[in-house]
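# Fold and geometry: a report
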Amino acid sequence: MNVKFADVALPVPIPQLFTYIIPTHLETFAQQGSMVVVPFGKKILTGIIISFRAVKPNITLKNIIDVIDLTPTIHHNDLKLAEWIADYYSSPLGEVIKIFLPAGFSQSSKKIISLSDLFDRNQKLSVTKSKIVQILADQSATIMQLKKKSGIKNIYSIISELDAEGIVTVSEETSKRPSIKTERFFKRISNDSTLQFRSKKQQATWSSILTIHQEEINAASFLKETSSSLSTLKSFEQKKLITMYQKELSRNSAFLQDGNLSKSLSIQLNKDQIEAVVHITTALAENVPQTFLLYGITGSGKTQVYIESIRKVLEQGKTAIVLIPEISLTPQTVKRFQIHFGDQVVWIHSRLSDGERYDAWRLAQSGKYKIVIGPRSALFAPLKDIGLIIVDEEHESSYKQFDSSPRYNARDVAIVRASLNNAVVILGSATPSIESYSNALNNKFTLLTLPERADNAVLPPVTIVNMIDERKQLYSEAKINSKSIGKKAFENLSHSISRLLERKIRDRLEKKEGVILLQNRRGFAPFIECKSCGYVEQCDRCNVTMTYHATKKHMRCHYCGKVKPAPTTCTQCGGFEFSLNGFGTQRVEQELAALFPSAVTVRMDMDTTTRKGSHEKILRQFGEGGADILLGTQMVAKGLDFPRVTLVGVISADTQMMLPDFRSAERTFQLLTQVAGRAGRSTLAGEVIIQTSQPNHYALKHVREHDFVGFYNEEIEFRKSINYPPFSRVIVVEFKGRNERNVEQTATSFGNQLFTLLNRESILGPSPAVLSKIKNEYRWQIIIKADKDGDKNGTRARHAVARVVNNLSGQSIKSKVKVTVDVDPVGIL
Ligand code: ADP
Ligand code: ZN
């Protein structure tokens, strides 16, 4: 076929491809999946060739300017995956393509081009090529420099050709962080204690050096301990008193200090783990896509199963992706994989610079890295021959990209990517999502179970404390006391810590054991109420209450960040007395300080972890015993492993349980089970106390019994009764804008059109969202529950929604209403 035109996906929020002419000199380069440079309006954009056409469409076309790589940037299977994502999540293909390309792509323009030693100067070359050779004859240059000096537009394709012909060599820029860590050491040459120095500082440093018995001294530690300066050491070096040198720190030696890690190398799998690995190995050998749900309680040895499965994949000459929720993706976790697989592992995380990210991407593509570990975005790493994709903590909502298009769930996309590559998926969790467990029971997934702790630790007993009874009790005691001390007896009756929990904490403090307390709400008090009229302070920009922050003595909106001074008079009635209602972490912290004045409490929430490294610092302090109590939001629930913790307390289980969302019970069960798992990770027996005003809630009953299956059985009945997932597929259409009437009108027209296309009963709304205003934008919603019997993949519903979005795009742009579609949302607030 004589192809002359290419359809290109561009990173613009318009759901269509754009056609360009392929100039003759680029014909051999332009392939499906190639990254190209094209003019777009007044801009120059990079995009990906999706398909070709032989017949010119009836519009004026522009030329492709350049093709960036000799081989396609996006592999054929990945293009298919991108198309699936675009269709399923209703996103423009150009936006989907973005997640397949590393940030920092611009780094490629920094590649260094040099003339090859093998280049024969008598060789005949085209005009453009000899122009480049001439420039390079003087000195090597980056692609950008070559482009400027030569004035050639399609520089990438020319370089690729010269590279293929062996005329130039392309090397990577070397600003990359060295993968081997080195540190400065020094040794003494002279032992002369009679030396006199002009500077007092030098004299003092020399005396310090003479007192050290070690032969080899770590410079950084020495300087820190003696408050000396590096320049002093350098002057000694010049005087030949000492010799300084860099020394490699063996990465393995650092790991070996960590008993837990080195233990991992010599672990003998137990019976259940072996059975799981056998099943997975069999599937790997079959080369057909298959998904396993590895349901194993906390500490049952799931990670060890991942490691052994990866070993089998590498033996097959294939590669693996390991997804871990960002919050549990600690160096500790990654090291566990590294001690088994060394340099074949690359860790992609949010703190990488664009350049580092680009390098990781490129080296995964070239085959240097065989195992990519990272959060949801790592799923799109360009590995070849993928044999296995692991999704650890598969139930975590952070696998869903909810705030920008494409709104994909990496767990679900992992299954599609695996099936396109005939690969195996392992979804691991101690509290599987209702959807995944249901899929396992329906034989879509294969269920593998690890029912026991690998380290023989026992599950901690859980006690539920009824906070309503607690308050009644306090009140009746106060009533009795008031007979002798009067009204004073009723002061300070509002406590967040029950007497049982107080007693348990006191006991642990005496035994010097660790305590973790969870309160999933930051700030001091989430409601500020006027005592005379009952008015509750709200954010001006959002339809939510303002939280009082005691550290800064102001009110803050947790949705938009707006800050206001705490009220002195009520805006409604002029009253000037306020009560602070509810308990945030700061208030619990204050209460702890009053109850246990000599105990050290560290608080971990979004307010104390904004600075880089503060998160790690808090954990280290607590882990090393520098603090008695670790108090925090859900951050304290995930992945921490502190053997000294023997008590976990939940200040209030209600914060999540009472949210008007169909997943509230599930999320509560997951969070509480997870935090309960932090107690007794060692030979010391643990214990869990959960406080609530809903002690009979079924989620709590099953947390107490450590009974996921029991919870599942009740939850699935509830989901069935309201026809929510897994019985239906939910699609939320959101309408957002500053003008309330416009938002309502757009939502209403949308609803009316949708009613004609879909079953009326499957559509809820249009109606204002629970959070009806955020950052001055009003929010309306339509919720579609696509029936799985009649519309298996939700195709009909998704396409109907897409059609209406398209029909109304003119109107919504004009009325400044943003319409977003979220398929399989994690929440519907
Ligand atoms: P999970 O990933 O399910 O939370 P891990 O794989 O982290 O569990 O294992 C929990 C602890 O048990 C770790 O300290 C690990 O080293 C240890 N462990 C795992 N498998 C075994 C085994 N077969 N024998 C002894 N200890 C094990
Ligand atoms: Zn706000």
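Scope of this entry: the structure provided in the associated data block.

What counts and what doesn't
- Residues numbered from 1 in each chain as written.
- Chains lettered and ligands numbered in written order.
- Predicted model: local features only at pLDDT ≥ 70, side-chain atom pairs only at ≥ 80, totals over all residues.
- Heavy atoms only, no water.
- Helix = DSSP H or I, 4+ residues; strand = E, 2+ residues; numbered from the N terminus.
- Rg over C-alpha atoms; globule rule 2.2 N^0.38 Å.
- Buried < 20%, exposed > 50% of the residue type's maximum accessible area, 1.4 Å probe, protein only.
- Contact = heavy atoms within 4.5 Å.
- Areas by Shrake-Rupley, 256 points an atom, 1.4 Å probe, with all protein chains shown as cover.
- Pairing = 2+ DSSP bridges.
- Donors = N, O, S within 2.8 Å, 3.2 Å for Na, K, Ca; no water.
- Tetrahedral: all angles 85-135°; square planar, octahedral: opposite > 155°, others 65-115°.
- Expected span 1.5 Å × (residues − 1).
- Arc of directions from axis to C-beta.
- Polar contact = N/O pair within 3.5 Å; in protein donor to acceptor, adjacent residues only side chain to side chain.
- Axes fitted to C-alpha atoms, helices over the stretch in contact; angles between N-to-C directions.
- Parallel < 35°, antiparallel > 145°, perpendicular 65-115°, else oblique.
- Left-handed = near helix turned anticlockwise from the far one by under 90°.
- Nonpolar A, V, L, I, M, F, W, Y, C, P; charged D, E, K, R; others polar.
- Disulfide = S-S within 2.5 Å.
- Near = heavy atom within 4 Å.

## Overview of the overall build of the chain
Along its length, the chain carries 26 helices and 33 strands. Its C-alpha atoms give the chain a radius of gyration of 31 Å, within 12% of the compact-globule value 28 Å for 829 residues. Overall, the C-alpha framework of the chain stretches about 110 × 95 × 65 Å when taken along its three principal axes. Burial analysis of the chain (829 residues in total) assigns 51% to the buried set. Counting contacts in the chain only where the partners sit at least 6 residues apart, residues at least 24 apart contribute 73% of the total. When the accessible surface of the chain is summed, it comes to about 40000 Å², and 50% of that surface belongs to carbon and sulfur atoms.

## Quick word on the pairing of strand β30 (residues 728–737)
β30 sits mainly inside the fold: nine of its 10 residues count as buried. In this structure, β30 lies alongside strand β32 (residues 777–787), joined through 10 bridges in antiparallel fashion. The residue of β32 that forms the bridge with F735 is W780.

## Quick look at the coordination of the zinc ion (ligand 2)
Looking at the zinc ion (ligand 2), one finds its protein donor set to be C539 (SG), C542 (SG), C557 (SG) and C560 (SG), positioned 2.3 to 2.4 Å from the metal centre. Bound by four donor atoms, the zinc ion (ligand 2) shows angles of 106 to 114° at the metal and therefore tetrahedral coordination geometry. Taken in sequence order, the residues that donate to the zinc ion (ligand 2) follow the motif C-x2-C-x14-C-x2-C.

## Brief notes about helix α25 (residues 740–757)
For an α-helix, the turn length of 3.6 residues means that residues three or four places apart are oriented alike. If you check α25, its first and last C-alpha atoms are 26 Å apart, about what 18 residues at 1.5 Å a residue would give, namely 26 Å. Regarding α25, the residues found buried are V743, T746, A747, F750, G751 and L754. Down the axis of α25, the buried side of the element spans an arc of 135°, and every buried residue falls inside it. In this structure, α25 carries R741 and T756 as exposed residues pointing more than 90 degrees from its buried face. Among the structural elements, β30, β31 (763–774), β32, α26 (795–814) and β33 (818–823) are those in contact with the buried residues of α25. Sitting at the head of α25, N739 places a side-chain oxygen 3.0 Å from the backbone nitrogen of R741.

## What about the packing of α25 against α26?
Helix-helix packing: each pair is described by the crossing angle between the helix axes and the interaxial distance. Interaxial distance between α25 and α26 falls to 10 Å at its minimum, and their mutual angle equals 140°. Considering the angle they form, α25 stands oblique to α26. Like other packed secondary-structure pairs, α25 and α26 cross with a definite hand, here right-handed. Where α25 abuts α26, its residues Q745, T746, S749, F750, Q753, L754 and L757 lie against R796, A800, V801, R803, V804, V805, N807, L808, Q811 and S812. Its residues assigned to classes, the contact of α25 with α26 shows eight nonpolar, seven polar and two charged.

## Notes on the state of the cysteines
Per the stated rule, a full pass over the model turns up zero disulfides. Not engaged in a disulfide, the cysteine C533 finds its nearest cysteine sulfur in C573; these two sulfurs lie 3.7 Å apart.

## Thoughts on the site of ligand 1
The immediate surroundings of ligand 1 are formed by 16 residues, with Q268, Q273, K302, T303 and R336 found nearest. Separating a nitrogen atom of ligand 1 from a backbone N or O atom of Q268 is a distance of 2.8 Å. At a separation of 2.8 Å, an oxygen atom of ligand 1 approaches a polar backbone atom of K302. Taking 550 Å² as the accessible area of ligand 1 by itself, protein coverage stands at 85%.

## With respect to the sheet that holds strand β15 (residues 371–374)
An order of β14-β15-β13-β16-β17-β12-β18 is seen for the seven strands of this open sheet, with the pairing classed as parallel. The outermost strands of the open sheet, each flanked by one partner alone, are β14 (345–347) and β18 (446–450). On average, each strand axis in the sheet is inclined to that of its neighbour by 15°, with strand direction left out of account. As paired strands, β14 and β15 are joined by three bridges and run parallel to one another. What sits directly across from V346, in β15, is V372. Here helix α15 (residues 410–420) sits on the sheet and contacts β12 (290–296), β13 (319–323), β16 (386–392) and β17 (424–429); the angle it forms with β16, its principal contact strand, is near 165°. Sitting on the sheet, helix α16 (residues 434–441) touches β12, β17 and β18, and the angle it makes with β12 is about 115°.

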